[in-house]
Amino acid sequence: MDQEPVIVTRELRKVYGKISVIDGLNLEVPRGSICGLLGRNGAGKTTLLKMFVGLTRPTSGEGRIFGLRIDRSAERIEIRQSAAFVSEDKMFPGTATVAEIIQFTRAFYPRWRSDLAEEYLRTFDLSLNTHAGKLSKGARCRLALLLAMARGADLLLLDEPTAGLDPAIAEQSLQALVSLAGQQEITVLFASHQIAEVEQIADRVCMIEKGRVVLNDSLDELKSSYRRVQFVFESKPPAAAFENAHEDGRTLSLLVKRNPDEVVARGTSMGAQSVDVAPVTLKDIFLEHMNGAGK
Amino acid sequence: MSPSNTMVWYKAWTDTRRYFRLGAMILIAMVVGMYMSYPGEPDKEFPHGAIALSVEQVRSLPHDARSYIWLHWFGNTLVVWLPFLAVALASAGMPPPGGAAASGAIYTLSMPVSRRKLASVRIVLGIIEMAVAALVSSLLVCAAAPLVGQAFSVRESLVHALLAIAGIVSFYGVLVFLSTTVGELHKAVLGAALLFLYGMLTFLANGFRRFSMLRLMTGDMYFLRGEIPWGGICASVGVALVMVWLSLLIIERRDY
């Protein structure tokens, strides 16, 4: 198996005027992984995905997909032959029907899976004769996923793939995505604000803030290495006992990476009456990093 | 042609077909309307003016069916309506500077095909559609003339239609450039302003009449003296090529 990462960026930068939307971003996404891209609004997720498919050109730095450079026109076309991009808005030319849009997309992808397209048409309840301009937001989203998943791409770049879907269809879509990725060793990089969704299907998580990667690790590694430590003191906790700790009355809680024993011992020595060490959710880790990055 | 190339053309067709159909239908209806209102005595109801000619020039024309049909169709209706089709075709499906997502352009641009090819096909198809609309309606002018007991030369009709196309390409090129550089509202306003400017140059300033795209489109030199206005054709096509080249440069370099 080729172990070279599918996506590699080195000091990638995108500047609009005086604003750095992507600011020296370094990222690697291994082949076959499902990577959730998390970040606040304006963190640079959409710009990053657009740069990967050549819709936006990097200002400086290097980015490679399948070893192909994202700043070279000819190589960008090659990237798009192996990758599928679902944009945040999921808009299609309004004058074309669903059938015409499928026909158009299929022509560019020799590995198009007609069987999957037909299956998703049924699952997603899409009518071939409907004009794209008359599709609801949810239907556009379902069509976008169909087009991305049926084209036989090796890489799926999805920007908010389930935004606008009802929970049942969102669940179906995610299951279809996981199933496809499992069968064909597809690499998936998807931006989402739905942390639960990322936790459900991703095996890697990348968090970006202000155009930089603040965390990039496997989900299992993250969840096993972080712990929430909570101390309860007899009275107000000692001032500045721990950096980045959250104080609530007599309670002090903090997120600890790796070995929590040292922190527990320190809290106990400060007079904590009780100590609780608990596993954390991805949301806890996300909030901790976003709050930390925002400071 | 590979399936993907075929689809690039097909996609351009789906983007523009409703404007083409509507434009062609309007032009055909105008031909039908011209013959339905054809006067029993053309001499008495002869037109008083034309876009490319002065009132004196119109008066001096032989008051026959050839002059009547040319003044009505090639000297007026076709020249007035073709620019509206150009406005619609220049904006449909082109990736605009803003609102690219709303137009579905992001989806199209994420396909494995170069922006240059997508835009070029779209631009060329627009010219083909204008040409087909102009040629079909102009040939209908010849075909329907016997219904009112008259005749109009097919050759003459084809030359006039081709001159109309040669004239409209410069305007189309400018519109394509506008559609890639300004937003939708601005595009409409600027398109209308350009039409108005051309009209002003034609009607109000005699000295500028020879520079008018509308005059080239009417083919008055060919009608009056049998001369092909090669200078005007070259200028119009040259303007179109420069505008299209600039548009392609912008489209290739823009971030979406």
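Residues numbered from 1 in each chain as written. Chains lettered and ligands numbered in written order. Predicted model: local features only at pLDDT ≥ 70, side-chain atom pairs only at ≥ 80, totals over all residues. Heavy atoms only, no water.

1. Considering the overall build of chain A
Let me state the cut-off plainly: By definition, any uninterrupted DSSP run of H or I lasting at least four residues is a helix, any uninterrupted run of E lasting at least two residues is a strand, and each is numbered from the N terminus. Contact criterion: two residues are considered in contact whenever any of their non-hydrogen atoms come within 4.5 Å of each other. Using a 1.4 Å probe, the Shrake-Rupley method yields the accessible areas, and only the shown protein chains count as cover for residues. All tallies of charge rest on Lys and Arg as positive and Asp and Glu as negative; His and the ends of each chain are not included. By convention, the charge on Lys lies at NZ, on Arg at CZ, on Asp at CG and on Glu at CD.
Assigned secondary structure in chain A consists of 10 helices and 14 strands. Once the C-alpha set of chain A is aligned to its principal axes, its extents read approximately 70 × 40 × 40 Å. For chain A, long-range pairs separated by at least 24 residues make up 70% of all intrachain contacts whose partners lie at least 6 apart in sequence. About 13000 Å² of surface is accessible on chain A, with carbon and sulfur atoms providing 46% of the total. Looking at charge distribution, chain A has the averaged site of its 37 positive side-chain charges lying 6 Å from that of its 38 negative ones.

2. Quick notes on the packing of aromatic side chains
Here a ring pair, both rings aromatic, is described through the centre-centre distance and the interplanar angle of the planes. Residues and elements named next belong to chain B. Note the following rule: For this analysis, a ring pair means two rings from Phe, Tyr or Trp (six-membered ring only for Trp) whose centres lie within 6.5 Å, classed as stacked if their planes differ by under 30 degrees, edge-to-face if by over 60, and tilted for the remaining angles.
In the structure shown here, the tally under the stated rule is 11 aromatic pairs over all chains. Geometrically, the ring pair formed by Tyr-35 and Tyr-38 is tilted, given 6.5 Å between the ring centres and 40° between the ring planes. Summarising the aromatic geometry, the rings of Trp-70 and Phe-223 are spaced 4.2 Å apart at their centres and angled 5° between planes, so their arrangement reads as stacked. Residue Trp-70 is found in helix H3 (residues 65-91), and its partner Phe-223 is found in helix H9 (residues 220-225); the two are separated by 153 residues along the sequence.

3. Let's talk about the sheet that holds strand E11 (residues 226-232) of chain A
Residue and element names in this part refer to chain A. Stated precisely, the cut-off is as follows: Whether two strands pair depends on DSSP finding at least two bridges between them. Fitted lines through C-alpha atoms give the axes, limited to the stretch in contact for helices. The angle between two N-to-C directions lies from 0 to 180 degrees.
Strand order in this open sheet of 4 strands is E12-E13-E11-E14, and the pairing throughout is antiparallel. Pairing within the sheet leaves two strands with one partner each, and these edge strands are strand E12 (246-248) and strand E14 (274-279). If you compare each strand with its neighbour and ignore which way they point, the axes differ by 20° on average. Note that E11 and E14 share 6 bridges and pair antiparallel. Residue pairing across strands places Val-229 opposite Val-277, the latter belonging to E14. Sitting on the sheet, helix H9 (residues 261-269) is in contact with E11, strand E13 (251-257) and E14, with an inclination near 5° to E11.

4. Details of unusual backbone geometry
Residue and element names in this part refer to chain A. What counts, and what does not: Accessibility here uses a 1.4 Å probe with only protein chains present; expressed as a share of the type maximum, an area under 20% marks a residue as buried, one over 50% as exposed, and anything in between as partly exposed.
The backbone of Glu-11 shows a phi angle near 50°, a positive value even though the residue is not glycine. Looking at where Glu-11 falls in the secondary structure, it is placed in strand E1 (residues 7-16). Residue Glu-11 is classed as partly exposed on the basis of its relative accessible area, which comes to 39%. One non-glycine residue, Glu-160, lies in positive phi territory at about 50°. For Glu-160, the location among the structural elements is in the loop between strand E7 (155-159) and helix H6 (167-184).

5. A word on the domain arrangement of chain A
Interface size, as often reported, equals the accessible area lost upon joining of the parts. All names here are of chain A. The condition that has to hold: What counts as a domain boundary in this text is fixed by an automatic or database domain assignment. Buried area: the accessible area, evaluated with a 1.4 Å probe, that two parts lose upon being put together, summed over both parts. Basic side-chain nitrogens of Lys or Arg form a salt bridge, by our definition, when they fall within 4 Å of a carboxyl oxygen of Asp or Glu. Nitrogen and oxygen atoms within 3.5 Å of one another constitute a polar contact, given that in protein one can donate a hydrogen and the other can accept it, and given that sequence-neighbouring residues count only through two side-chain atoms.
Once the domains are mapped, chain A shows domain 1 (5-210) and domain 2 (226-290). When domain 1 packs against domain 2, the two sides together hide about 730 Å² of surface, and 84% of this comes from carbon and sulfur. Where domain 1 meets domain 2, there are 0 salt bridges. Linking domain 1 to domain 2 there are 2 residue pairs in polar contact (both at pLDDT 80 or more). Mapped onto the side of domain 1 that touches domain 2, the elements with two or more residues apiece are helix H7 (195-201) and strand E9 (204-209). The dominant element in the side of domain 1 that touches domain 2, judged by the number of residues it contributes, is E9, at 4 residues.

6. Looking at the interface of chain A and chain B
Every contact between the two is made by 28 residues of chain A and, on the other side, 28 residues of chain B. Across the chain A to chain B interface the summed buried area is about 2600 Å²; carbon plus sulfur atoms make up 61%. Ranking the residues of chain A by area buried against chain B places A:Leu55, A:Phe104 and A:Phe108 at the top, with a combined share of 27%. Among the ionic pairs, B:Arg17 bridges to A:Glu100, the shortest N-O distance being 2.9 Å.

7. Quick look at a nonpolar patch on the surface
Residues and elements named next belong to chain B. The test is simple: Nonpolar side chains (Val, Leu, Ile, Met, Phe, Trp, Tyr) within 5 Å and like charges within 9 Å form the patches, drawn only from residues with over 30% relative accessible area and no salt bridge.
A grouping of Ile-28, Val-32, Met-36, Val-124, Ile-128, Val-132 and Val-136 is seen on the molecular surface, where their side chains present a nonpolar patch of about 560 Å² in accessible area. Counting residues per element, the ones that place at least two in the nonpolar patch are helix H1 (3-36) and helix H5 (115-144). It is H5 that contributes the most residues to the nonpolar patch, 4 residues altogether. When you line up the elements, Val-124 lands in helix H5. Val-124 sits in the partly exposed class, given a relative accessible area of 39%.

8. Looking at the sheet that holds strand E5 (residues 68-69) of chain A
All names here are of chain A. Reading across the sheet, the 4 strands line up as E2-E1-E4-E5 and stay open at both edges, with antiparallel pairing between neighbours. Of all the strands in the sheet, the pair left with one neighbour each is strand E2 (19-29) and E5. Here strand E4 (residues 60-65) runs beside E5; their pairing, made up of 2 bridges, is antiparallel. Directly across from Arg-64, in E5, lies its bridge partner Arg-69. Against the sheet, helix H1 (residues 45-52) contacts E1, E2 and E4, and its axis sits at roughly 115° relative to E1.

9. As for helix H5 (residues 137-150) of chain A
Worth spelling out the cut-off: Each residue after the first adds 1.5 Å to the expected span of a helix.
For H5(A), spanning 14 residues, the distance from its first C-alpha to its last is 20 Å, which sits close to the expected 20 Å at 1.5 Å a residue. Burial analysis of H5(A) places 13 of its 14 residues in the buried class, which makes it a mostly covered element.

10. Some details on the side chain of A:Thr47
As for its placement among the helices and strands, A:Thr47 is situated in helix H1. With sequence-adjacent residues up to four places away left out, A:Thr47 is seen in contact with A:Lys14, A:Tyr16, A:Val21, A:Ile22 and A:Thr56.

11. Focus: the environment of B:Leu139
All names here are of chain B. With respect to the helices, strands and loops of the structure, Leu-139 is situated in helix H5. Along the backbone, Leu-139 and Ala-24 are 115 residues apart, and their C-alpha atoms lie at a distance of 12 Å. Each residue touching Leu-139, except ones within four places of it in the same chain, is listed here: Val-154, Ser-157 and Leu-158.

12. Points about the packing of H3(B) against H5(B)
Between two packed helices, the angle of one axis relative to the other and the distance separating the axes together describe the packing. Residue and element names in this part refer to chain B. Note the cut-off: Throughout this description, any angle smaller than 35 degrees is read as roughly parallel, any larger than 145 degrees as roughly antiparallel, any in the 65 to 115 degree range as roughly perpendicular, and the remainder as oblique. Helix crossings are classified by the rotation of the near helix relative to the far one: an anticlockwise turn of less than a right angle makes the crossing left-handed, while a clockwise turn makes it right-handed. Residues are grouped as follows: Ala, Val, Leu, Ile, Met, Phe, Trp, Tyr, Cys and Pro are nonpolar; Asp, Glu, Lys and Arg are charged; all remaining types, including Gly, are polar.
Look at H3 against H5: their axes get within 11 Å of each other, and the N-to-C directions meet at 155°. Comparing the axis directions of H3 and H5 gives the class roughly antiparallel. Handedness of the crossing formed by H3 with H5: right-handed. Counting all contacts with H3, which are made through Ile-69, Trp-73, Phe-74, Leu-78, Leu-82, Leu-85, Ala-86, Leu-89 and Ala-90, the residues of H5 involved are Arg-122, Gly-126, Glu-129, Met-130, Ala-133, Ala-134, Ser-137, Ser-138 and Val-141. Here the contact of H3 with H5 is composed, by residue class, of 13 nonpolar, 3 polar and 2 charged.

13. Observations concerning the packing of H1(B) against H3(B)
All names here are of chain B. At their nearest, the axes of H1 and H3 sit 10 Å apart, and the two run at 165° to each other. Classified by the interaxial angle, the pair formed by H1 and H3 is roughly antiparallel. Handedness of the H1/H3 crossing: right-handed. Between H1, through Thr-16, Tyr-19, Phe-20, Gly-23, Ile-26, Leu-27, Met-30, Val-31, Met-34 and Tyr-35, and H3, the contact on the second element is made entirely by Ile-69, His-72, Trp-73, Thr-77, Leu-78, Trp-81, Leu-82, Leu-85, Ala-88 and Leu-89.

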